[in-house]
Amino acid sequence: MTGANRSRRVTVVGGGIGGMAAALAFARRGAEVTVHEKSDALREVGAGLQITPNGAAVLAALGLDEAATGHAIRAVAVAPMDALTGRPIARFDLSQLPGRPYRFFHRATLLGLLAEAARAAGVTIRTSSSATQATAAGAVSFADGPASPAALSIGADGLHSVLRPVLNGADAPFFTGQVAWRAIVPAADLADPVARIWMAPGRHVVTYPLPGGQLNVVAVQQRADWAAEGWDFHDEPGVVQAAFADCAAELRAVLGRIEQVRLWGLFRHPVAQSWHGGGADGALALLGDAAHPTLPFLAQGANLALEDAWVLAARTDAMPDLPAALSRYQDLRRPRVRRAIAEANANAVNYHRAGLPRSLSHLALKGLARAAPNAFIGRLNWLYAHDVTV
């Protein structure tokens, strides 16, 4: 595929999943791409990742469907659970979803697949290369030396983006009153390919299997104590275990296998008002968490970043007028990510209900599973069935 991106010089700031997908998508269209990653090696903090059909469509369009199949577990169902009793509330079939399969990945494995394909497509990857400042015209400076002049610089540098404030100024995220823990444990007898949502008053845990006989665990608790924003703060296993000490034995057994756990505070950021700046001679664009940080209650952070990467590369390739292409990219993406973020925020409430609202919610889920088993998943067709590559 060649068009306006052919021989265009592109700088990508951030070597995570969104940044590497963008690098590959641009390189496949003939661009000369350099990725700058601040860490000394490509790595993804955190263990597991759910790639839903909308994200899987992008992986397939990038030529990674076969590789993804060999390095992931295909999900068959999502199962809301009563965390206090351990009883299933409902089970919703994922096999009938339209489009590509729903899969569970190790984050590092997916990043490795993207990086390998990017290098094969001619992308240059510079590690220990931290962005220090940037302009709206896409001029980026790095701690390890200047970048080559680029027609387009892409901010894929996450929650603490250096590039986002250039276009939007500093924002003021607020603590949601929730903290989350991430861990992986041996899968034991919960290795069936199901995403379980263990719901308790003011808390929930999501578990799903990963390749290699492991189980991914994300636990969330409402609390007033502030915790830092980020994924790489260590906590003691006993803290998360104590937070769920009144829950079912099956869940306590899972949490009891935790040996190492990371804690982070959940903050809400506004969706960026401006996703691009500059002009025809040099421009800056944002994608993924740099443009629209998302709470982890819909499993869409990586999927939306994959979508962003494809749409940004496709629009700039199809439209020779770079400012017009970037404007079209923003117009296409912003309404969709806002809807996904609103859905994630709603889940943050629904998972943590207490008292009568909790009982009524569980009864409604049970009734829905019996009367219209496809309705629960079907209401998310706008999300899962959307394919940005067609």
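Thresholds, definitions, all that
The residue numbering used here restarts from 1 in each chain and proceeds along that chain's sequence as written. Only residues with pLDDT of at least 70 are given local features in this predicted model, and only at 80 or more are side-chain atom pairs given and counted; all residues enter the totals for whole chains, interfaces and linings. With hydrogens and water set aside, each side-chain value is computed from the structure's full complement of heavy atoms. Nonpolar core, defined: a set of buried Ala, Val, Leu, Ile, Met, Phe, Trp, Tyr and Cys residues in which side-chain atoms within 4.5 Å join the residues together. Only protein chains enter the accessibility calculation, which uses a 1.4 Å probe; a residue whose area is less than 20% of its type maximum is buried, one above 50% is exposed, and one in between is partly exposed. Residue contacts are defined here by distance: any two heavy atoms, one from each residue, within 4.5 Å place the two residues in contact. Two strands pair if DSSP finds at least two bridges between them. A run of DSSP states H or I qualifies as a helix once it reaches four residues; a run of E qualifies as a strand once it reaches two. Both are numbered from the N-terminal end. Inter-axis angles, ranging from 0 to 180 degrees, are taken between N-to-C directions of lines fitted to C-alpha atoms, where helices are fitted over the stretch in contact. One less than the residue count of a helix, multiplied by 1.5 Å, gives the span that helix is expected to have. To pair, rings of Phe, Tyr and Trp, with the six-membered ring standing in for Trp, must have centres within 6.5 Å; the planes then decide the type, stacked if under 30 degrees apart, edge-to-face if over 60, and tilted in the middle. By definition here, charges over rings are those cases where NZ of Lys or CZ of Arg is within 6 Å of the ring centre and within 35 degrees of the ring normal. Between 65 and 115 degrees an angle is taken as roughly perpendicular, under 35 as roughly parallel, over 145 as roughly antiparallel, and anywhere else as oblique. Handedness of a helix crossing follows the sense of rotation of the near helix relative to the far helix, less than a right angle counterclockwise being left-handed and clockwise being right-handed. The classification used treats Ala, Val, Leu, Ile, Met, Phe, Trp, Tyr, Cys and Pro as nonpolar, Asp, Glu, Lys and Arg as charged, and all other residues, Gly among them, as polar. Any carboxyl oxygen of Asp or Glu within 4 Å of a side-chain nitrogen of Lys or Arg constitutes a salt bridge here.

Asks: In this structure, what is going on with the nonpolar core? I would like to understand it.
Replies: Judged by nonpolar contacts, the single largest core of 103 residues is most densely connected at Phe26, Val33, Ile51, Leu62 and Leu114. If sequence neighbours within four positions are ignored, phenylalanine 26 has contacts with Asn5, Val10, Ala31, Val33, Leu152, Ile154, Leu312, Ala313 and Thr316. Counting residues in hydrophobic clusters, the runner-up holds 25 residues, among them Met81, Val185, Ala200 and Leu215.

Asks: Before we go on, may I ask you to explain the sheet that holds strand E7 (residues 103-106) in this structure?
Replies: Paired through their backbone hydrogen bonds, the strands of a sheet run either parallel or antiparallel. Spatial ordering of the open sheet is given by E3-E7-E4, a layout of three strands whose pairing is antiparallel. With partners counted over all chains shown, the strands left at the sheet margins are strand E3 (48-51) and strand E4 (73-74), one partner each. Here four bridges tie E3 to E7, and the two strands are oriented antiparallel to one another. The residue bridging leucine 49 from the neighbouring strand is phenylalanine 105, located in E7. On top of the sheet, helix H2 (residues 53-61) reaches E3 and E7; it is set at about 90 degrees to E3, its chief contact.

Asks: Looking at this structure, how should I read helix H4 (residues 107-120)?
Replies: Quick reminder: α-helices carry 3.6 residues per turn. Residues three or four places apart thus point the same way. Over its 14 residues, H4 extends 20 Å from the first C-alpha to the last, a length consistent with the 20 Å expected when each residue adds 1.5 Å. Taken together, the buried positions of H4 are Arg107, Leu110, Leu111, Leu113, Leu114, Ala115, Ala117 and Ala118. A positive backbone phi angle near 100 degrees is found at glycine 122, which sits one or two residues after H4.

Asks: I'm lost on the packing of aromatic side chains in this one. Help?
Replies: Remark: the centre distance and the inter-plane angle together describe each pair of aromatic rings, the angle taken between the planes. Under the defined criterion, the tally for this structure stands at five aromatic pairs. A centroid spacing of 6.2 Å and a plane angle of 80 degrees characterise the contact between tyrosine 102 and phenylalanine 104, whose relative ring orientation is edge-to-face. The pair tyrosine 102 / phenylalanine 104 is uniform in exposure class, with both members buried. Pairwise contacts between aromatic rings join Tyr102, Phe104, Tyr208 and Tyr384 into one cluster. The ring of tryptophan 310 carries the charged tip of arginine 29 above its face, separated from the ring centre by 4.4 Å. Note that arginine 339 overlies the ring of tryptophan 382, its terminal NZ or CZ placed 4.0 Å from the centroid.

Asks: Explanation requested: the packing of helix H8 (residues 301-318) against helix H9 (residues 322-350) in the structure shown.
Replies: The packing of two helices is summarised by the inter-axis angle and the distance between the axes. Contact pair H8 / H9: the axes reach a minimum separation of 9 Å and the direction vectors enclose 160 degrees. Between H8 and H9, the angle is such that the two are roughly antiparallel. Like other packed secondary-structure pairs, H8 and H9 cross with a definite hand, here right-handed. Taking contact as the criterion, the partners of Leu304, Glu307, Asp308, Val311, Leu312, Arg315 and Thr316 in H8 are, on H9, Leu322, Ala325, Leu326, Arg328, Tyr329, Leu332, Arg333, Arg336, Val337 and Ala340. The class makeup of the residues in the contact of H8 with H9 is ten nonpolar, one polar and six charged.

Asks: In this structure, what is going on with the pattern of salt bridges? I would like to understand it.
Replies: Pairing between side chains of opposite charge can happen when the charged atoms of each approach one another. Applying the stated rule across the entire model yields twelve salt bridges. Between aspartate 171 and arginine 164 there is a salt bridge whose closest N-O contact spans 3.0 Å. Here aspartate 171 falls in the partly exposed class, since its relative accessible area comes to 30%. Close ionic contact of arginine 333 with aspartate 308 constitutes a salt bridge, the shortest N to O distance being 2.6 Å. Within this pair, whereas arginine 333 is found in helix H9, its partner aspartate 308 is found in helix H8, the two being separated by 25 residues in sequence. Residue classification places aspartate 308 among the buried residues on the basis of a relative accessible area of 0%.

Asks: Sorry if this is basic, but what is going on with unusual backbone geometry here?
Replies: Trans is the prevailing form of peptide bonds, just as negative phi is the prevailing case for residues other than glycine. Even without being glycine, serine 128 reaches a positive phi, approximately 50 degrees. Topologically, serine 128 is positioned in the loop between strand E8 (124-126) and strand E9 (131-134). Overall, serine 128 belongs to the partly exposed group, its relative accessible area being 41%. With a phi angle near 55 degrees, alanine 299 is a residue other than glycine that sits in the positive phi range. Mapped onto the elements of the fold, alanine 299 is located in the loop between strand E19 (282-286) and H8. Relative accessible area serves as the criterion here: at 23%, alanine 299 is assigned to the partly exposed category.

This is a description of form; function is not addressed.
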